[in-house]
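Given next are the chains, with one letter for each unit.
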Amino acid sequence: MVKAVVGANWGDEGKGKITDLLAGDADIVVRFQGGANAGHTIKNRYGKFALHTLPSGAFNENTVNIIGNGVALNVPILMGEIDDIVSKGVPKPKILISERAQLIMPYHIKFDEYEEERLAGKSFGSTKSGIAPFYSDKFAKIGFQVSDLWDDKEDLLDKIKGITVQKNVLLEDLYHKPPIDVNETYETLMKYKEMIEPYVCDVSLYLDEAIRAGKTILLEGQLGTLKDCDHGIYPMVTSSNTIAAYGAVGCGIPPYEIKQIISVCKAYSSAVGAGEFVSEILDEDVADELRRRGGDGGEYGATTGRPRRMGWFDCVASRYGCRLQGTTDVAFTVLDVLGYLDEIPVCTGYEIDGKVTTDFPVTRLLKKAKPVLETLPGWKCDITGIRNYEDLPENCKNYISFIEKKIGYPITMVSNGPGRDDIIYRKSEL
Ligand code: GDP
């Protein structure tokens, strides 16, 4: 049985916590897209961890953690994360890396930096992890697949030389930076080969056998629908597809094997970097209070430490986010954080050119959208520690039911704290 845990919003919805929770019963956890440009924060019995590349099953001794072919693999970061968790007492995780995954090269990171520098005020607010240059090269067919590391030396050097010619024109003439050295690049690749050799395999074949054997497989998405390269707020998106459908592509399994799609939706909104964000809280004091109280220790980027932009729950974006994911279940997270508010505004529509819509539009129209806000009463107490849905305050249950109706997808899990046990299962009212 294959399940996917994905984000329905802009990312940072608490997917890591939900995956860590579900990973307890999973034989295999798979990362299928993205790279080290975003992070999951996980709090469990070993401590608090920020994972960027390592799948969230890394804390379960019996779970196999897979880097799928769709991932932008930064080898030193992956190895560093393994060393880090092991040094904190976590048993060495079982890792497999797809021989078809491609490698983030040091020059991808440099190009990301140089281009952001060149764009200055018009930059994408990239995390400078090399993701956009990486995926550009992958689709231009000049990327390095893991399996290329086993090519004959001459063939590999030839490939590097070919790529270097083109890259060095840009480096020297556009960015006025030092060129790439062919031998140095070869040495880097050989270092990566040595580091990943024990883990490399045919992931698609491995998963095919696992599916046939009835194993539980969890696909772990990074970021969320609104950062999807095709369906998100283009161009302020990531350079890969964050939707569950890509899960099949990103690890080589049949799409119809994905039976359950758990879309993680946060009880309020947050977004990182520039881009359209209709339900954003514009009063900085109000936003800052939510930011400080948000998540576990505040809404600041797991990778960059940047303060996140804050907003009220957006039913329009979340309904769209859930639809594009193909949601079977919604995990509604970080609800406990809202306990301090007397009243909670919720964005239920977008006003565009004087008309109200509940359908999420393309970026051109999104730029003109104004939020239509409805206000719900708060519950004014701390709900952490509650384990039964019935025990939640009435106004809190009403908030959940209201949102479930507006988004139209079943909220079957409610997360009321960062820990693995802070979860309430619920029967959908739809
Ligand atoms: P991800 O990338 O989707 O995994 O999200 P992040 O890790 O960036 O952000 C989620 C943050 O919220 C982390 O610090 C989690 O520990 C925390 N978190 C997750 N679920 C809950 C919850 O229900 N309540 C609270 N207070 N924090 C939560």
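Definitions and cut-offs
- Residues numbered from 1 in each chain as written.
- Predicted model: local features only at pLDDT ≥ 70, side-chain atom pairs only at ≥ 80, totals over all residues.
- Heavy atoms only, no water.
- Salt bridge = Lys/Arg side-chain N within 4 Å of Asp/Glu carboxyl O.
- Helix = DSSP H or I, 4+ residues; strand = E, 2+ residues; numbered from the N terminus.
- Buried < 20%, exposed > 50% of the residue type's maximum accessible area, 1.4 Å probe, protein only.
- Near = heavy atom within 4 Å.
- Polar contact = N/O pair within 3.5 Å; in protein donor to acceptor, adjacent residues only side chain to side chain.
- Nonpolar A, V, L, I, M, F, W, Y, C, P; charged D, E, K, R; others polar.
- Domains from an automatic or database assignment.
- Contact = heavy atoms within 4.5 Å.
- Buried area = accessible area lost by both parts, 1.4 Å probe.
- Axes fitted to C-alpha atoms, helices over the stretch in contact; angles between N-to-C directions.
- Parallel < 35°, antiparallel > 145°, perpendicular 65-115°, else oblique.
- Left-handed = near helix turned anticlockwise from the far one by under 90°.
- Patch = residues over 30% accessible without salt bridge, like charges linked within 9 Å, V, L, I, M, F, W, Y side chains within 5 Å.
- Areas by Shrake-Rupley, 256 points an atom, 1.4 Å probe, with all protein chains shown as cover.
- Lys, Arg positive; Asp, Glu negative; His and termini not counted.
- Charge placed at Lys NZ, Arg CZ, Asp CG, Glu CD.

### A look at the pattern of salt bridges
Any two side chains of opposite charge can pair if their charged atoms end up close together.
Link 1 in the chain: Taken as a whole and assessed by the stated rule, the structure comprises 26 salt bridges.
Link 2 in the chain: Between E115 and R118 there is a salt bridge whose closest N-O contact spans 2.9 Å. Residue E115 and its partner R118 are both found in helix α3 (residues 106-119); the two are separated by three residues, about one turn of the helix.
Link 3 in the chain: Its relative accessible area of 23% is what places E115 among the partly exposed residues.
Link 4 in the chain: Residue R118 is classed as partly exposed on the basis of its relative accessible area of 47%.
Link 5 in the chain: A salt bridge links K159 to D148, with the nearest nitrogen and oxygen atoms 3.0 Å apart.

### What about the site of the ligand?
Link 1 in the chain: Neighbouring the ligand are 19 residues; K15, G16, T41, D336 and S415 lie closest to it.
Link 2 in the chain: A distance of 3.0 Å separates an oxygen atom of the ligand from a polar atom in the side chain of R308.
Link 3 in the chain: Taken together, the elements giving at least two residues each to the shell around the ligand come down to α1 (15-23) and β3 (40-44).
Link 4 in the chain: With three residues, α1 is the single largest residue contributor to the shell around the ligand.
Link 5 in the chain: A per-class count over the shell around the ligand returns three nonpolar, nine polar and seven charged.

### Topic: the domain arrangement of the protein
Link 1 in the chain: For the protein, the assigned domains are domain 1 (2-81 + 205-425) and domain 2 (102-197).
Link 2 in the chain: Between domain 1 and domain 2, the C-alpha centre-to-centre distance is 31 Å.
Link 3 in the chain: Counting from both sides, the interface comprises 22 residues of domain 1 and, opposite them, 18 residues of domain 2.
Link 4 in the chain: Summed over both partners, the interface of domain 1 with domain 2 buries about 1,600 Å², with 64% contributed by carbon and sulfur atoms.
Link 5 in the chain: For the pair domain 1 and domain 2, the interface holds four residue pairs in polar contact (both at pLDDT 80 or more).
Link 6 in the chain: Among the secondary structure elements, those contributing two or more residues to the side of domain 1 that touches domain 2 are β6 (72-73) and α2 (75-87).
Link 7 in the chain: If you tally residues by element for the side of domain 1 that touches domain 2, the top one is α2, at three residues.
Link 8 in the chain: Partitioned by chemical class, the residues of the side of domain 1 that touches domain 2 number 10 nonpolar, 11 polar and one charged.

### Describing the packing of α3 against helix α4 (residues 131-139)
Link 1 in the chain: Between α3 and α4, the least distance of the axes is 7 Å, while the angle of their chain directions is 120°. Considering their axes alone, α3 and α4 lie oblique with respect to each other. As α3 runs across α4, the sense of the crossing is right-handed. In contact with Y107, H108, F111 and D112 of α3, α4 contributes I131, P133, F134 and D137.

### Details of the side chain of N416
Link 1 in the chain: Summarising the element assignment, N416 is placed in the loop between β19 (411-415) and β20 (423-425).
Link 2 in the chain: At a separation of 3.0 Å, a polar atom in the side chain of N416 contacts the main-chain carbonyl oxygen of I386.
Link 3 in the chain: Non-local contacts of N416, meaning those with residues more than four positions away in its chain, are made with D336, I383, T384, G385, I386, R387, D422, I423 and I424.

### Notes on helix α10 (residues 315-325)
Link 1 in the chain: In terms of burial, α10 is largely enclosed, as nine of its 11 residues are buried.
Link 2 in the chain: Buried within α10 are the following residues: C315, V316, A317, S318, Y320, G321, C322, L324 and Q325.
Link 3 in the chain: You can read the cap of α10 off the contacts: a side-chain oxygen lies 2.9 Å from the backbone nitrogen of V316, and it is on D314.
Link 4 in the chain: Just beyond α10, the residue with positive phi is G326, at close to 80°.

### Section: a negative patch on the surface
Link 1 in the chain: A cluster of acidic side chains, namely D151, D152, E154, D155 and D158, defines a negative patch on the protein surface.
Link 2 in the chain: Counting through the fold element by element, D155 comes out in helix α5 (residues 153-174).
Link 3 in the chain: Note on D155: relative accessible area 45%, which makes it partly exposed.

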